[in-house]
Structures are given as structure tokens and as C-alpha cells.
Amino acid sequence: MGYRMYDLIEKKKRKDPLSEEEIRWMIREYTEGRLPDYQMSALMMAVWFNGMTDEETTYLTMAMARSGDMLDLSAIPGTKVDKHSTGGIGDKTTLVVAPILAALGVPTAKMSGRGLGFTGGTVDKLESIPGLRSEFSEEEFLRILKDVGFVDAAQTKALAPADKLLYALRDVTATVDSIPLIASSIMSKKLAAGADRIVLDVKCGSGAFMQDRESAVALARQMIRIGDLAGRKVVAVISDMNQPLGHAVGNLVEVLEALEVLSGGGEERLRTLCMEIAVEMLQLSDHARQDREEAKAAVEEVIRSGAAMERCMAFYRAAGGDTEYLEKAFRNIKEYPVTMDGDETLEAVTVPTVPIMAETMTPVYAKEDGFLFACDNAEVGMASVMLGAGRAKKEDVIDPLAGILILKKLGDPVRKGEPIAIFFTKDESVLPAAKERFLAAYTISEKKPEETSVILEILR
Ligand code: URA
């Protein structure tokens, strides 16, 4: 049955729900290039304003999941568990969690995305490792999953192509932050990628698409409902994104920080979230432990024994990554002294950095005394995009070494002239504006902020 896109836009504009047939038609026509971007943009904006019913969101998800190939993972024995984050700043949890699960014998087949708006993307982070490919044929994808125990790949053209097109369109038409559009985008990929069980990391705060807890919970519930209807068990961890996760924001810096967690260290909030997600995934798998404490101990054991780190390097190698370069960079992290900004009374600090990045480092100094009180985290993401760690336009090329090392977390005391972050960039011309943006993102106050937990809630 044929429809006119004009009528569908008109319907949505007037808050009338679209039927399953209409949604299927629209997604098929758009994927096959018969609908122009301007009409689809108008429809997306109407959805942004007027929302979608549960039924419409489910129809949209299913139509997008079925717009291309559906991966069949049945050749891999056991329950396959996947995870997905709704996007944030400094979010390298996948790089930690997937090797942990592989070391525990839980097959993890992951499709990741590239940076979107102010948020980073796991595929961009992975591709900062020289030589590493993140696009695989279905055969390669399955072989790596079988040999290594996990695989993390970019969404191929064949998998949920409708989402790939819509994702890029939404990115440039200010229609990303809509619950039905995010829920259908994420769940269509998860359904097409074939995992049996899914753990969602739903980010909440100033560096997330969902700024408040209520909307984050609504998004999580929507995705759990879609999972239910599609016969997939979904658990959602609502986590705080009011400041970057960990210390590193960028690409190679984040890969190195993930290795730090896999070797038993790492910043506390980052570590806590990684452990929690790994435990949830383990508990959804065939290797679930009797209780959470046992599951947590199992996760900690594969880090302590080095098994998770070994799986991580095995995947990077299988994907063509130069692990010698990476291991050398990780082993060669050195402490570099950073000068103060004119205040003789402050002691010099040292920052851990790899030599190749030390050549391009610039400290960013606090402008006043006080406590780091609040952070407009999306602005930190934008500062890192300005340094070259993300894309301002679709065709921009990322600098794998660009990024930010955040030296202070919310609640830390700072003194005027003390470095609060280190910028890495080859492009010195962007430094003044990026510094201004970064500093304006933080509020410094005489008052210490209340401590918040990184995990806000878990929905099952
Ligand atoms: N992540 C996705 O995969 N899709 C969105 O729409 C937002 C975040």
C-alpha cells in the first residue's frame, strides 16, 4: 500500500498516531532512497514535539531492525549478552566490560556507534589504535566472537540501515534527544545484532541526552518494554553523567584509561560503573552466580588474574590493531611536571601521560579558589570536539591523540592557578576558545557539593 509522506507528517503534526503499516512504509521508502531528507526531518521534528505512543515506538523499532540483515548468532553456543550506552562524555565502559565478560566465558557480540553530537563513540575510540578495523564481514564477526569470546564492531551498512540514516539525519537536525527516537534507534540495533539479553546503561545528567532522572527512567522503561515485546530480557542501569566518567575524554586517552581499569586501577566512579555493568551482564548469562557478591568476586578475579586484559589485547590483535604500540604506550605512561599559572605558593603537579601525547599538552588553570561544584558536561564534550577528538561536521577527521585529561572531579578543592585539566591537541589555534568553553563549563563555589553516586538506579 502506498502513502504520501506529506500526509504522515501532517498526521504526526496533529498528534494522531501513525499505524504499523504507515511506519513500515515510511522506513522502507526512506531506506531505499525514495523519501527526501527534508520530509524525514520534518517527521522527526514532529515526533520530537509530539512524541509517539508505545505501539508506534515498537512499530518503528521493528521496522528499523528489519530494514536490513538480522544477525544470526545461533552458531555461537550459549546465551549472548550485549550492552549499550545511551551516550556520554568519557564513557569507555564497553572497552572494560566486554573483555571481562569474555574472560568469564560469556560471549559478547557488540555493535557500537561513532561520536554523536557532544558525546563520544566507542568505534572512534577503538579506531584510535593504529591498524584496528571496526568493520567486519558477518563471517569475520562470528569468527572473532568464537575465537576471542567478544567482538565490538561498527554498525555495518547491512545492519539496521534505517537507523544509520536516521542517526546521521537526527545529529544535524537537533532531533537526537527524543525518548521514542533514542529508544527505537538503540533497540533496533540490539534486535538486529542478535543478542539474547541486553544491559542498557542509560545516562542521566548534563552530559547525556536525558538531562533529568525522570526522563532517563522513562527512556529505560520504554526500552525494557520494547525488549519484552521482542522476547529479549533487558536490564537498565541509570547512571550519572553530570561530569565526565573517569579522567580521560577523547579516543586513545580513553583506550589507555580502560587498560588502567583492566589492570586493576582506574578512577573510582568509572571502576564502580564498569563492575556493576559487568555483574549485571554476568547475571543475565548462562554463567550467572548464585548471588551478586559471588558475581562481583568472579568479575574482580578475571581482572586480578590478567585474564580480562589478555582477552582485550586478543580482540585488538584480531581486529588488526597494533597491540605492540598500545602496550608500549601503556607501559610508557610517565609523570610529566606541569607548571603553575603564576602562583609561586603552589607546588608543581605531575600528570601521567604517554610521551607522544606529552608533545601536545597544555594545562588549563582554575581561575579562582573553591570547590568544583557543578559541571555542564556537554560543554566539556564540545571542548574535546574542538580539540579534534570528535566531529563538528560529518566529514571531519578525528585526531586519535586529541582529548582531555581531567585532573579534578566534582567536590575536589581547587586553588587559583592550579591545573584542573590537560588538553591534548595538534591544533594550537583552537586552544583559547576550547579553554574558555571548558572553564565556563565548571562552577567553582565556596560550598562543597553533595556527594552523588555514579549508579542512580537499576531497572529490571
Ligand atoms: N545512541 C544510539 O544508538 N541512538 C541514539 O539515538 C542515541 C544514542
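Structure: see above.
Rules of the game
Residue numbering note: each chain is counted from 1, following its sequence as written. Whole-chain, interface and lining totals are the exception, using all residues; otherwise, since this is a predicted model, local features are given only for residues with pLDDT of at least 70 and side-chain atom pairs are given and counted only at 80 or more. Side-chain numbers come from the whole structure's heavy atoms, not from hydrogens or water. A run of DSSP states H or I qualifies as a helix once it reaches four residues; a run of E qualifies as a strand once it reaches two. Both are numbered from the N-terminal end. Only the C-alpha atoms count toward the radius of gyration. The rule for a globule is 2.2 Å times the residue count to the power 0.38. Burial status follows relative accessibility: with a 1.4 Å probe on protein chains alone, a residue under 20% of its type maximum counts as buried, one over 50% as exposed, and anything between as partly exposed. Exposure was quantified through the Shrake-Rupley algorithm and a 1.4 Å probe, taking into account, for residues, occlusion by the shown protein chains and nothing else. The axes are straight lines fitted to the C-alpha atoms, using for helices just the contacting stretch, and the angles between their N-to-C directions are given from 0 to 180°. In what follows, roughly perpendicular refers to angles from 65 to 115 degrees, roughly parallel to angles under 35, roughly antiparallel to angles over 145, and oblique to any angle outside these ranges. In this scheme, a crossing is called left-handed if the near helix is turned counterclockwise away from the far one by less than a right angle; it is called right-handed if the turn is clockwise. The contact rule is simple, with two residues in contact once any of their heavy atoms fall within 4.5 Å. Nonpolar residues are Ala, Val, Leu, Ile, Met, Phe, Trp, Tyr, Cys and Pro. Charged residues are Asp, Glu, Lys and Arg, and all others, Gly as well, are polar. One requirement defines pairing of two strands: DSSP has to find at least two bridges between them. Two joining distances apply to patches: 9 Å for like charges and 5 Å for nonpolar side chains (Val, Leu, Ile, Met, Phe, Trp, Tyr), and every residue must have over 30% relative accessible area and no salt bridge. What counts as a salt bridge is simple: a side-chain nitrogen of Lys or Arg found within 4 Å of a carboxyl oxygen of Asp or Glu. Asp and Glu count as negative and Lys and Arg as positive, but His and the ends of the chain are not part of the count. Charge positions are represented by NZ for Lys, CZ for Arg, CG for Asp and CD for Glu.

**Q** Talk me through the overall build of the chain; I want residue IDs and the actual numbers.
**A** In terms of regular secondary structure, the chain is built from 18 helices and 15 strands. Taken against the 2.2 N^0.38 rule, which gives 23 Å for 460 residues, the C-alpha radius of gyration of the chain at 22 Å falls within 12% of a compact globule. By principal-axis analysis of the C-alpha atoms, the chain measures approximately 75 × 45 × 40 Å. Within the chain, the proportion of its 460 residues that are buried is 57%. Accessible surface, the chain: about 19100 Å² in total, of which carbon and sulfur atoms supply 50%.

**Q** I'd like a rundown of the packing of helix α4 (residues 54-65) against helix α9 (residues 179-192), residues and numbers included.
**A** The contact between α4 and α9 brings their axes to 8 Å, and the two run at 40°. Here α4 is positioned oblique relative to α9, judged by the angle of their axes. Handedness of the α4/α9 crossing: right-handed. Mapping the contact onto sequence places T57, L60, T61, M62, M64 and A65 in α4 and P180, L181, A183, S184, S185, M187, S188, L191 and A192 in α9. When the residues that make up the contact of α4 with α9 are grouped by side-chain class, the tally is 10 nonpolar, 5 polar and no charged.

**Q** Provide a residue-level description of the packing of helix α2 (residues 20-31) against α4, including the pertinent values.
**A** It is at 9 Å that the axes of α2 and α4 come closest, and there the two elements cross at 35°. Note on packing geometry: the crossing formed by α2 with α4 is right-handed. For the pair formed by α2 and α4, the contact residues are E20, I23, R24, M26 and I27 on the first element and E56, Y59, L60, A63 and M64 on the second. Residue classes in the contact of α2 with α4 are distributed as 7 nonpolar, no polar and 3 charged.

**Q** Requested: an account of the sheet that holds strand β1 (residues 81-85), with residues and values cited.
**A** On the basis of which strands lie adjacent, the open sheet formed by 4 strands has the order β1-β4-β5-β15 and mixed pairing. A single partner strand is all that each edge strand has here, and the edge strands are β1 and β15 (455-459). The mean angle between the axes of side-by-side strands here comes to 15°, regardless of whether they run parallel or antiparallel. Pairing of strand β5 (residues 233-240) with β15, which is carried by 4 bridges, proceeds in the antiparallel orientation. Bridge pairing links A236 to L459 in β15. Of the strands in this sheet, β1, β4 (197-204) and β5 touch α9, which is tilted by about 160° from β1.

**Q** Explain a negative patch on the surface to me, and be specific about the residues and the numbers.
**A** A cluster of acidic residues, D69, D72, E138 and E139, forms a negative patch at the surface. Here D69 is to be found in the loop between α4 and β1. Looking at D69, the relative accessible area reads 42%, which means it is partly exposed.

**Q** Summarise the pattern of salt bridges; cite the residues concerned and give the values.
**A** Under the definition given, this model contains 32 salt bridges. In this structure, E21 engages R24 in a salt bridge whose closest nitrogen and oxygen atoms are separated by 3.8 Å. With E21 and R24 both in helix α2, this residue pair falls 3 residues apart, about one helical turn. E21 gets classed as partly exposed once you look at its relative accessible area, which sits at 38%. On the basis of relative accessibility, which here comes to 40%, the residue R24 falls in the partly exposed class. Across the salt bridge formed by E379 and R437, the nearest N and O atoms sit 2.7 Å from each other.

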